[in-house]
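What follows is the residue order along each chain.
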Amino acid sequence: MEAEAKGLLRRVLLFKFKAEAALDLIKQLIERYSNLVNLVESLKSWHMGKDVSIENLPDGFTHVFQLEFESPEGAAEYMVHPAHVEFHELIWPHLEKIVVIDYKPTAFRDLK
């Protein structure tokens, strides 16, 4: 593996929905979120999962998402893409908290 995957950028997001957000609504929002990979060219992959940890340390975060972009510039394009902006406006009122981390995949041996 290269020290860094050329240009590749990964984004990890943790969502903590508001207590009053109904499960059906959450499902609809996530379905809509998953479709962004079909609408935004620079978004190369989209994966999600729900917390299943036995450590009981999620601090209320229930859903995790991993997005992969062709480059940091692709992530910037995604942020202003009309489909993302529309989704952001739709989901934001239902989130209590969100954590977002962007990183470039790096092999352990190449860390400095």
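Notes on the structure in this doc start here. (Residues numbered from 1 in each chain as written. Predicted model: local features only at pLDDT ≥ 70, side-chain atom pairs only at ≥ 80, totals over all residues. Heavy atoms only, no water.)

## As for the sheet that holds strand β1 (residues 9-17)
For clarity, the threshold we go by: Pairing between strands requires that DSSP locate at least two bridges from one strand to the other. Counting from the N terminus, the helices are DSSP H or I runs at least four residues long and the strands are E runs at least two residues long. Fitted lines through C-alpha atoms give the axes, limited to the stretch in contact for helices. The angle between two N-to-C directions lies from 0 to 180 degrees. Every residue pair with non-hydrogen atoms within 4.5 Å of one another is taken to be in contact.
The sheet built from four strands is open, its strands ordered β2-β3-β1-β4 with antiparallel pairing. One side of each edge strand has no neighbouring strand; the edge strands of this open sheet are β2 (43-50) and β4 (95-103). The average undirected angle you get between the axes of adjacent strands in this sheet is 15°. Two strands pair when backbone bridges link them, and β1 and strand β3 (residues 63-69) are joined in this way by seven bridges, in the antiparallel orientation. Bridge assignment links Arg-11 to a residue of β3, and that residue is Leu-67. In this fold helix α3 (residues 72-80) packs onto β1, β2 and β3, with an angle of close to 40° to the strand it touches most, β1.

## Here we look at the nonpolar core
Here is the rule: In plain words, nonpolar cores are sets of buried Ala, Val, Leu, Ile, Met, Phe, Trp, Tyr and Cys residues tied together by side-chain atoms within 4.5 Å. For every residue, the accessible area (1.4 Å probe, protein chains only) is compared with the maximum for its type, and the residue is labelled buried under 20%, exposed over 50%, or partly exposed between those bounds.
Grouped together as the largest cluster of nonpolar side chains are 22 residues, with contacts concentrated most on Phe-15, Phe-17, Tyr-33, Phe-65, Leu-67 and Tyr-78. The set of elements that each furnish at least two residues to this core consists of β1, α1 (23-34), β2, β3, α3 and α4 (82-91).

## Thoughts on the packing of aromatic side chains
Each pair of aromatic rings is reported with the distance of its centres and the angle of its planes. The test is simple: Only centres within 6.5 Å qualify two rings of Phe, Tyr or Trp (six-membered ring in Trp) as a pair; their planes then separate them into stacked at under 30 degrees, edge-to-face at over 60, and tilted for everything else.
Per the stated rule, a full pass over the model turns up eight aromatic pairs. Between Phe-15 and Phe-17, the ring centres sit 5.9 Å apart and the planes meet at 80°, which makes this aromatic pair edge-to-face. For Phe-17, a relative accessible area of 10% gives the class buried. Taking the centre distance of 5.9 Å and the plane angle of 15° together, the rings of Phe-15 and Tyr-33 count as stacked. Pair noted here: Phe-15 is in strand β1 and Tyr-33 is in helix α1, with a separation of 18 residues, a long-range link.

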